[in-house]
Amino acid sequence: MSTEPTGTGTGQDPGHCHDGVCITCSDTAVEVTIIAVHELEMATVDTGQGAEEVSIALVNASVGDTILVHAGEAIGVVGANETSAQEG
Amino acid sequence: MRFVDEFRDADKARALSAKITSLCIPGRHYKFMEVCGGHTHTIYKHGLEDYLPENIQLVHGPGCPVCVIPMGRVDDAIHIARQPDVLMTSFGDMMRVPGSGGNFFDSNAEGTNIRMVYSPLDSLKIARQNPDTHVVFMAIGFETTTPSTAMTVLRAAAEGIENFSVFCNHVTIIPAIKAILDSPDLRLDGFIGPGHVSTVIGCRPYEFIARDYEKPVVVSGFEPLDILQSIYQLMLQLADDRCEVENQYSRVVPWQGNPIALNAIGEVMELRPYFEWRGLGFISHSAMRMKEKYSAFDAEQVFSMPGVRVADPKACQCGEVLKGVLKPWECKVFGTACTPETPIGTCMVSPEGACAAYYNFGRFNRTRVKEASAHEHV
């Protein structure tokens with residue numbers, strides 16, 4: 001996900017987001033860790049470069065979990081059904 | 001960094017490369033499509049083609065959400081933005097996508113108020129802060145971003161917000177893959193399946209590719225080793241004469257997807273009878289629209305829409321690039337009239353677009369030189 005402080009609607013160029021990755025579908029699985037859960041299924045997450053608020057309405061996740069966030073919405077929990085992907 | 005460093009290990013990449021090479025049958029050519037633009041980005045950013053033998057070719061698919069939006073929908077969005085007391089919000093990448101009369105920046109120069117946001121939730125926040133303005137979110141993307149839009153509409157409905165709507169352009173990946181499989185232009189040996197779309201839809205929707213078209217599919221992660229291992233798994237399937245759907249990205253993708261997200265989408269949206277994709281034309285049941293129940297949040301119901309179909313510029317060959325028929329540099333305007341700064345076609349706009357990936361990571365020079373020398377030997 002983007003780690004830029006976006007969403008302010010200022011009309012400034014977002015600079016194509018973190019790591020040159022598309023803001024639209026945030027293809028790089030950068031770990032985002034939940035540091036606080038709020039009411040209305042929102043959460044504050046640590047992006048590694050700052051804190052952001054995202055929705056966790058679509059996942060079963062709690063503080064300490066690493067989640068995959070697309071466009072402000074968590075759609076998966078990273079490592080939840082982890083098996084080795086490096087066997088090659 | 002967990003899930004990053006361990007998937008960028010050069011020694012492991014070289015080991016995978018050797019195993020892939022050992023499975024190549026001399027004289028046979030292999031053509032795999034990476035469906036997702038995120039994979040295209042990784043392949044060129046990390047130079048993964050250099051790890052592959054020359055008889056394995058990677059073909060870029062239609063999975064860049066910005067790239068497949070036709071010009072007519074950009075014009076429709078600008079039409080909405082021109083209405084009185086309307087504030088349009090959009091993902092950053094969409095701002096530079098050209099419509100027939102210019103892009104969103106050009107439109108703003110003429111007086112519209114189109115702002116960039118990171119998420120539809122930010123758009124809803126702007127609506128809360130500006131109760132006298134109607135805020136429209138330009139919703140685009142595959143099943144990765146559709147849940148976010150759906151949840152935002154559900155939140156807006158729950159809060160009783162009346163000055164917010166969505167211009168829905170969400171598309172679905174499976175019909176596009178089927179259109180490519182049915183295209184006579186391209187013969188593929190297998191698919192590197194999209195990772196994050198599959199987080200939502202799961203792996204089952206790809207089973208028809210293995211069953212009906214007899215092509216292997218490996219759902220892949222986005223790190224360099226993910227993609228190399230997925231290619232290795234595709235090669236193993238071909239070597240064993242198997243056609244299956246495999247999940248290389250199981251650390252993130254559950255086989256059944258995310259049922260909560262699918263339910264949220266199903267509550268708010270339904271399939272359109274057809275939708276126009278740039279380069280692929282009209283594809284039936286390939287995009288979402290708002291359900292009647294949520295028509296108050298549907299910008300296409302709130303505003304009158306011109307809905308005029310606009311043909312792509314003649315010089316632009318994004319369609320062929322999106323279908324994998326042409327390499328980006330084979331387009332007549334690649335790197336000359338069409339650059340990331342002044343894109344003519346959508347594939348040059350987003351960093352996920354195949355043309356932008358080629359342009360930004362130097363494939364332009366390398367491939368041209370390689371091809372030039374190949375022609376000299378003919």
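Residues numbered from 1 in each chain as written. Chains lettered and ligands numbered in written order. Predicted model: local features only at pLDDT ≥ 70, side-chain atom pairs only at ≥ 80, totals over all residues. Heavy atoms only, no water.

Draft legend 1. Up close: the overall build of chain A. The secondary structure content of chain A amounts to 0 helices and 5 strands. Listed by position from the N terminus, the elements making up chain A come as β-β-β-β-β. Looking at chain A as a whole, 53% of its 88 residues are labelled buried. For chain A, the proportion of contacts with a sequence separation of at least 24, taken over those separated by at least 6, is 31%. Approximately 3600 Å² of chain A is accessible, and the part contributed by carbon and sulfur atoms is 46%. (Helix = DSSP H or I, 4+ residues; strand = E, 2+ residues; numbered from the N terminus. Buried < 20%, exposed > 50% of the residue type's maximum accessible area, 1.4 Å probe, protein only. Contact = heavy atoms within 4.5 Å. Areas by Shrake-Rupley, 256 points an atom, 1.4 Å probe, with all protein chains shown as cover.)

Draft legend 2. Geometry of the pattern of salt bridges. All names here are of chain B. Counted under the stated rule, the structure contains 15 salt bridges over all chains. As a salt-bridge pair, K178 and D182 come within 3.1 Å of each other at their nearest N and O atoms. A residue pair is termed a helical-turn pair when its members lie 3 or 4 positions apart in one helix, as K178 and D182 do in helix 7 (residues 173-182) at 4 residues. With a relative accessible area of 36%, K178 lands in the partly exposed category. Given a relative accessible area of 46%, D182 falls into the partly exposed group. (Salt bridge = Lys/Arg side-chain N within 4 Å of Asp/Glu carboxyl O.)

Draft legend 3. Focus on helix 5 (residues 120-129) of chain B. The element helix 5 of chain B is extensively covered by neighbouring structure, given that 7 of its 10 residues are classed as buried. Among all positions of helix 5 of chain B, only B:P120, B:L121, B:D122, B:S123, B:L124, B:I126 and B:A127 are buried. Next to the buried residues of helix 5 of chain B lie strand 2 (42-46) and strand 3 (51-55) of chain A together with strand 3 (86-90), strand 5 (134-141), helix 6 (146-159) and strand 6 (164-170) of chain B.

Draft legend 4. Focus on helix 10 (residues 224-239) of chain B. Residue and element names in this part refer to chain B. Helix length check: helix 10, at 16 residues, gives a terminal C-alpha distance of 23 Å against a target of 22 Å (1.5 Å per residue), a fit within 8%. Of all 16 residues in helix 10, 14 are buried; the element is thus mostly enclosed. Trailing helix 10 by a residue or two, D241 shows a phi angle of about 60°, which is positive. (Expected span 1.5 Å × (residues − 1).)

Draft legend 5. Layout of the sheet that holds strand 7 (residues 190-193) of chain B. Residue and element names in this part refer to chain B. Pairing is parallel across the open sheet formed by 5 strands, whose spatial order is 2-1-7-8-9. Looking at the sheet topology across the chains shown, the edges are occupied by strand 2 (56-63) and strand 9 (245-247). Strand after strand, the sheet turns through a mean of 20° between neighbouring axes, direction not considered. Alignment of strand 8 (residues 217-219) against strand 9, held across 3 bridges, turns out to be parallel. From the neighbouring strand, V217 faces strand 9, where its bridge partner is V245. Contacts from helix 10 reach strand 1 (30-36), strand 2, strand 7, strand 8 and strand 9, with the element oriented near 155° to strand 8. (Pairing = 2+ DSSP bridges. Axes fitted to C-alpha atoms, helices over the stretch in contact; angles between N-to-C directions.)

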